[in-house]
Each structure stands twice: as C-alpha cells, then as structure tokens.
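Structure at a glance
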Amino acid sequence: MSGRFVLGLEIPPADQPALLASLERAVRERTDLQPRLGLVLGSGLGGLADALELEASIPFEELPGWPDATAPGHSGKLLFGRLSGVPVVVQQGRFHLYEGHSAGFVVQPVLLMGRLGARAVVLTNAAGGVNPEFGTGTLMAITDHLNLTGRSPLVGPNAPEIGDRFPDMTAVWDAELRSSLHAAADAEGVALADGVYACLMGPNYETPAEVRMLARLGADAVGMSTALEAVAARWAGLKVCGVSLVTNPGAGLSGAQLSHAEVLAAAQSAGPKLARIFARFIGDLD
Ligand code: HPA
C-alpha cells in the first residue's frame, strides 16, 4: 500500500486555480502574513529557517490535498514569518517526482507562494558536483538548469489566468537577484560559485557515465528537484533565484560511494554559511 493518498495523478495547469484557492483559504485561516518572498529549503537545509521570526507554522498534512513530506531530511511545513524584517514564507521540505508525485503537485507550493503574494522565490537544494572543481561544501548560485526529467508541470489544458501556454524560458534564473546573492555572499565573506543545475528524476544517484554525460551537456551540479519549481514559478510570473549546495562529488568523480546520510550531513554542516547569505540578501532587498 502506498499510503492514504493516490500517487502520481497528474494535475493539469487548468486545475491549479481551484486547488490553489482552497490552499489559500486554508492558509488564511492560520495567518494573514503577506509574504514578499518564498524560500524553498532542500535536503538537510531545514535549519535555514531557524533565523525566522515565526508567526505561523502549518504542517503539510494540514493543507488540503497535501501529504507528509516523506524523504528523510524533509520535515514538511510551511512557515510564515520575518527574515531580516521581511515577511516571507518558507517551505521546509518539498515534494519530489521520485516519491511518485506528479509534476503538477511538485510545483504547488511555489504556485501557492505566488498566490499568497510572493513576487520571487529562492530555491535551494543539495546537489552532486559535476564540475570537478566543485567539491563538498561548494555553494553554487544557479545560472540556468537542464530539466532532464522528461516531465513538465505545464502539460495539459492551460490556466491562462496564471500564465501563458508557451512561457519563455530564456531567463528563468533572474540575473539581478543572482547578483544580489553574490553581493550578500561577498559581504559575508562566503564563496559563491555560479553554475548550471541538472535535474534528474532519481531516486537513485547517477552512474559515473551519467555524470560524465551531464558534464558534456554543460551541467555543473546534479540533483532531483528545483527545475520543475523554477519552470512553474516563471510560468506564474514569479522571479526565481537559487543556490545549490554541493554535498558530494558526483558519482565516479571521487573513489567514494554516495549515501543519503552523507548528503544530509554535508548539507547540515554548510547550512549556516548559506543562512548568512540569505539573511543579508533578504535584508538588502528593495
Ligand atoms: N546526485 C543527485 N542528487 C544529489 C546528489 C547527487 O550526487 N547529491 C545530493 N543530491
């Protein structure tokens, strides 16, 4: 048995407005905070929410249609509060294709953030390093992505009230927000690289041949999230920026085998550096 929710039923864009309206109502029963920004925290990065002046915390399972986040390291809450004085919504834990969720479901949290008032989203993830110069602990501002999942959250009848049928993806990753991330990193004395994030479905890690392929395709880091959220956020007119935390060299690049426990440990140990960047980045938003 897969649990109390049916896995994988596609949610076409045309169904999102009604679903988002009911999610919005459920949130508004708990908080009237108007977030300016949404922050999505990836594996092992939940601690980035520690600095939040919390106003409301809503476990995923208390929102209509949302199950618990099941991946270890994902605790599954929407948090509302202020970071550096700025009202934000923080998604602690996320939904993944590899859990059996549909692409439309995976992106509902970022669409909800937009519906609640956020104008931009900051996406974070734990990733494997594909660029041989990106060792464990490297922070990488995402300049672009490769969606290699073969899936899109925009398949099916469109919802024109949210976005275009054929949304442009020339500049998914906002250059101005990225330069603000770099300015914040510089001010904090934290190194921040730039690179392309490749998203695969998972849940298995890549083979060494796949990592070599990704390098030839122009990827610098690889993971199992983020790209679909970025596509949906752009569709909905939100600005997007993000940071990958390299938790391990990609398969075959070091002698070591990959384990989720090591990914989590590396993410947790680099988390405070990333938290400093975000605290300053958000405080400096105009
Ligand atoms: N591959 C895919 N996803 C990941 C990795 C990896 O090497 N490390 C952390 N998330």
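Rules behind the numbers
Residues numbered from 1 in each chain as written. Predicted model: local features only at pLDDT ≥ 70, side-chain atom pairs only at ≥ 80, totals over all residues. Heavy atoms only, no water. 1 Å grid on protein atoms, 1.4 Å probe; cavity = no way out; pocket = protein on both sides within 12 Å on 5 of 7 lines; lining within 4 Å. Points joined across faces, edges and corners; volume = space filled by probe spheres on them. Helix = DSSP H or I, 4+ residues; strand = E, 2+ residues; numbered from the N terminus. Nonpolar A, V, L, I, M, F, W, Y, C, P; charged D, E, K, R; others polar. Patch = residues over 30% accessible without salt bridge, like charges linked within 9 Å, V, L, I, M, F, W, Y side chains within 5 Å. Areas by Shrake-Rupley, 256 points an atom, 1.4 Å probe, with all protein chains shown as cover. Salt bridge = Lys/Arg side-chain N within 4 Å of Asp/Glu carboxyl O. Polar contact = N/O pair within 3.5 Å; in protein donor to acceptor, adjacent residues only side chain to side chain. Contact = heavy atoms within 4.5 Å. Buried < 20%, exposed > 50% of the residue type's maximum accessible area, 1.4 Å probe, protein only.

A few words now on empty space enclosed by the protein. Within this structure, the stated rule accounts for 1 cavity of 30 Å³ or more. Roughly 80 Å³ of volume is contained in the largest cavity. If you go around the largest cavity, you meet 14 residues; those closest to its centre are L97, V106, M224, S225 and L228. Counting residues per element, the lining of the largest cavity draws most heavily on helix 6 (residues 227–235), which supplies 3 residues. Of the residues belonging to the lining of the largest cavity, the class tally is 9 nonpolar, 4 polar and 1 charged.

A contiguous nonpolar patch, built from L148, M213 and L217 and spanning about 250 Å² of accessible area, is present on the exposed surface. Assignment of secondary structure puts L148 in the loop between strand 6 (139–147) and helix 4 (175–188).

What follows deals with the side chain of N248. With respect to the helices and strands, the residue N248 is situated in strand 9 (residues 239–249). Among the polar contacts made by the side chain of N248, one reaches the side chain of T247 at a distance of 2.8 Å. With sequence-adjacent residues up to four places away left out, N248 is seen in contact with A127, G128, G129, T136, L258 and V263.

The next point concerns the pattern of salt bridges. Inspection of every chain in the model, using the stated rule, returns 8 salt bridges. Note that E55 is salt-bridged to R82, the shortest N-O span being 3.7 Å. Of this pair, E55 sits in strand 2 (residues 53–59) while R82 sits in strand 3 (residues 77–83); the two residues are 27 residues apart in sequence, bridging distant segments of the chain. By relative accessible area, which is 47% here, E55 ends up partly exposed. The class for R82 is partly exposed, based on a relative accessible area of 30%. Between R94 and E229 there is a salt bridge, with the nearest N and O atoms lying 2.9 Å from each other. Residue R94 is located in the loop between strand 4 (86–92) and helix 2 (103–106), and its partner E229 is located in helix 6; the two are separated by 135 residues in the primary sequence. With a relative accessible area of 1%, R94 lands in the buried category. Judged by relative accessible area, E229 falls into the buried class, the value being 1%. Residues joined in a network through salt bridges with shared partners are E188, R276 and R280.

Of note, the bond from G202 into P203 is cis; its omega dihedral lies within 30 degrees of zero at 5°. In this fold, P203 is placed in the loop between strand 7 (193–199) and helix 5 (208–216). The phi torsion at S84 lies on the positive side, around 50°, for a residue other than glycine. Position of S84 relative to the elements: it lies in the loop between strand 3 and strand 4. By relative accessible area, S84 is classed as partly exposed at 41%.

Note that every value here comes from positions in space, so none of it alone points to a role or purpose.
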